[in-house]
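Each chain is listed here by its residues.
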Amino acid sequence: MALPDISVEKLPKHYEGDLSDFTNEFVQGRLDEVVDKIESRFGPIVEARLASQQLKARLYEAIVCRVATRVYRNPEGYRSETEGGYQYNLSAAVASGTLWFTDDDIADLTGSNPKGTPMVGTVTVGQHRVGWV
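Quantities reported herein were computed from a predicted structural model and do not represent experimental measurements.

1. Concerning helix H4 (residues 103-110)
Among the residues of H4, those classed as buried are Asp105, Ile106, Ala107, Leu109 and Thr110. Remark: Gly111 follows H4 within two positions and exhibits a positive phi of approximately 80°.

Pasting the structure below:
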């Protein structure tokens, strides 16, 4: 089973910006690249979570759009700007168009934190004794 593709028509639900500077082909290419990255990095986990509905299709769609729109929000890759005596700093990763996943993206997709430790677990509690803190 392959992960569902997200079409460019879904983007307005998740992106408030103006996409007129980009072609539909570019936008769709970024969405497809995000799906491919998810497939290659987390494929079986995400597929199982989608099938069991632990990961809702709506959230999967939002994550794909969120990751892709990081490039659209800041295509020049500005890290900071200053107005007086104009200066700017670029983030090499953002300026290059690199797609990246936040810790929250990974946790939402896989159900665990990026270090691989489950977010939900079992705690051992000792016998309660009156007067013990």
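2. Describing the pattern of salt bridges
Counted by the stated rule, this structure contains six salt bridges. The residue Glu61 makes a salt bridge to Lys10 at a minimum N-O spacing of 3.8 Å. Of the two residues, Glu61 is situated in helix H2 (residues 57-73) and Lys10 in the segment before helix H1 (24-52); the sequence distance between them amounts to 51 residues. Note that Glu61 and Lys13 form a salt bridge whose closest N and O atoms lie 3.2 Å from each other. Linking Glu61 in helix H2 with Lys13 in the segment before H1, this pair joins segments that are 48 residues apart in sequence.

3. Regarding the nonpolar core
Core analysis: the largest hydrophobic core is formed by 27 residues, its most contacted members being Leu31, Ile38, Val46, Tyr60 and Leu109. Setting aside chain neighbours within four positions, we find Leu31 in contact with Ile6, Ser7, Val8, Leu11, Val64, Cys65, Ala68 and Tyr72.

4. What about the environment of Val34?
Within the secondary structure, Val34 is located in helix H1. Sequence-distant contacts of Val34, defined by excluding residues within four places in its chain, comprise Val64, Val67, Ala68, Leu99 and Phe101.

5. A word on the confidence of the model for the protein chain
When the pLDDT values of the protein chain are averaged, the result is 79; 68% of them are 70 or greater. Taking the mean pLDDT of every element in the protein chain, the minimum, 50, falls on helix H3 (residues 92-95) and the maximum, 94, on H1.

6. Considerations on unusual backbone geometry
Even without being a glycine, Gln53 presents a positive backbone phi close to 65°. Tracing the sequence through the fold places Gln53 in the loop between H1 and H2.

7. Some thoughts on H1
Between its first and last C-alpha, H1 extends only 32 Å over 29 residues, short of the 42 Å set by a 1.5 Å rise per residue. At Phe42, H1 is deflected by roughly 100°, the largest bend along its length, and proline Pro44 occurs up to four residues later in sequence. In the stretch just after H1, Gln53 is the one whose phi turns positive, near 65°.

Conventions and cut-offs
- Residues numbered from 1 in each chain as written.
- Predicted model: local features only at pLDDT ≥ 70, side-chain atom pairs only at ≥ 80, totals over all residues.
- Heavy atoms only, no water.
- Buried < 20%, exposed > 50% of the residue type's maximum accessible area, 1.4 Å probe, protein only.
- Helix = DSSP H or I, 4+ residues; strand = E, 2+ residues; numbered from the N terminus.
- Salt bridge = Lys/Arg side-chain N within 4 Å of Asp/Glu carboxyl O.
- Core = buried A, V, L, I, M, F, W, Y, C linked by side-chain atoms within 4.5 Å.
- Contact = heavy atoms within 4.5 Å.
- pLDDT = per-residue confidence, 0-100.
- Expected span 1.5 Å × (residues − 1).
- Bend = angle between axes of the 7 residues up to and from the residue.

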